[in-house]
Amino acid sequence: MTSVHDHALAHLLDPELLPFKERGAVFDIWDDIPAGRKLIESALAEMLAPYPVRIDVPFEDIVLDGSDNPSGLKVRLYRPVNCESSAPVMLWLHGGGYIMGSLDMDVGFLQHLANAVACVIVSVDYRLAPEHPFPSALDDAYHALRWLHQNAVQLDIDSQRIAISGISGGGGLAAGLGLYARDKAEMPVAFQLLLCPMIDDRNSTPSSLLPLTGMAWDRRGNTNAWAAYLGREPNSDPIAAPVSEYAAAARVRNAAGLPPSFISVGSVDLFRDENIDYARKLLEAGVPTNLHVYAGGFHAFECIAAGTALAENSLNNIQEFIKKSFKK
């Protein structure tokens, strides 16, 4: 097997990232969905080993009530011991390309983040495609956001400091949630934190053509994941039918009114250009926006290459943004 050191794009990577490679083998979601999910989640658990489970950030699983929650949606609430009363809270949407992932994939990472910024984090076990295509995941994310606002007193959180966040597919879902919440205008969102978000189903940017197979999330996996999420057949034309901007935020026509935003991505990431383009749309619409493009970073390097200088730099910037944004 060709090592990441021999990969055509290896020279573009930060040298410290070279020993790290995408441990989850490339697979076709349509071949064997349960096996593919098990493979990827096992790989993710190994990637996130630098963030061990900690006792100073207890968590609990909660199944949300309500007649408008037919899916029996579950969330996992993390509350670090250093958290203040009426704490700020960040809704977290896990990665996985809309087709995989679970509450168990990033426990240590979220505990680390919650402790570092002294906030509550609520991770959402949203439904996955292709069994549950768009808008199922968006409905779940919005339901969880509304639940936080409606139960702020009981949860001892500050309803004016509730933010949305996510990584990769979860980052894309958070971007769609930000647009949806803006348009519904039922409750405020303090800010949106989008880490290498998956937001463009068209796969038409220059970076979407990067030959990343064997190193990171690649074009084939991305194309098939979008097909699954949008309820299409494999290898279908990505622009054959109208697509909601709530599903693919890169399609937004008017970004005005979105909350302050943080977007980060590596320079060797399939999503680099769509993330830069989205940040530009936000800035042009007058949305306060922080954009970080990390030279030599591949997809989700913050987690995959935890402990490297580049990952630590990214994590520090994330934490500083959260703390500053939540400051009263």
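Conventions and cut-offs
- Residues numbered from 1 in each chain as written.
- Predicted model: local features only at pLDDT ≥ 70, side-chain atom pairs only at ≥ 80, totals over all residues.
- Heavy atoms only, no water.
- Core = buried A, V, L, I, M, F, W, Y, C linked by side-chain atoms within 4.5 Å.
- Buried < 20%, exposed > 50% of the residue type's maximum accessible area, 1.4 Å probe, protein only.
- Helix = DSSP H or I, 4+ residues; strand = E, 2+ residues; numbered from the N terminus.
- Contact = heavy atoms within 4.5 Å.
- Pairing = 2+ DSSP bridges.

Peer 1: Can you tell me about the nonpolar core, naming the residues and giving the values?
Peer 2: Leu145 and Tyr278 are the most contacted members of the largest nonpolar core, which has 113 residues in total. The biggest single contributor to this core is helix H3 (residues 136-150), with eight residues. Residues contacting tyrosine 278, with those up to four places away along its chain left out, are Ala175, Leu179, Leu194, Ile199, Ala249, Ala250, Val252, Leu258 and Ile263.

Peer 1: Would you mind going over unusual backbone geometry in detail, with residue names and values included?
Peer 2: In this structure, the amide linkage connecting alanine 129 to the following residue, proline 130, adopts the cis form with an omega of 5°. In this fold, proline 130 is placed in the loop between strand E4 (120-124) and H3. Geometrically, the link from phenylalanine 134 to proline 135 is a cis peptide bond, its omega value of 15° lying close to zero. When you line up the elements, proline 135 lands in the loop between E4 and H3. Here the phi dihedral of serine 168 falls at roughly 60°; this positive angle occurs in a residue that is not glycine.

Peer 1: Help me get a handle on the pairing of strand E2 (residues 74-78), residues and values and all.
Peer 2: Most of E2 is tucked away, with four of its five residues classed as buried. With five bridges joining them, strand E1 (residues 59-63) and E2 adopt antiparallel strand pairing. Pairing of aspartate 61 across the sheet is with arginine 76, part of E2.

Peer 1: So, helix H6 (residues 219-229): which residues are in play, and what are the values?
Peer 2: For H6, the tally of buried residues reaches eight of eleven residues, placing the bulk of the element in the interior. Among all positions in H6, only Gly221, Asn222, Asn224, Ala225, Trp226, Ala227, Ala228 and Tyr229 are buried. Looking at the buried positions of H6, the neighbouring elements they touch are H3 and helix H5 (169-184). Of the residues trailing H6, glycine 231 is marked for its positive phi of about 70°.

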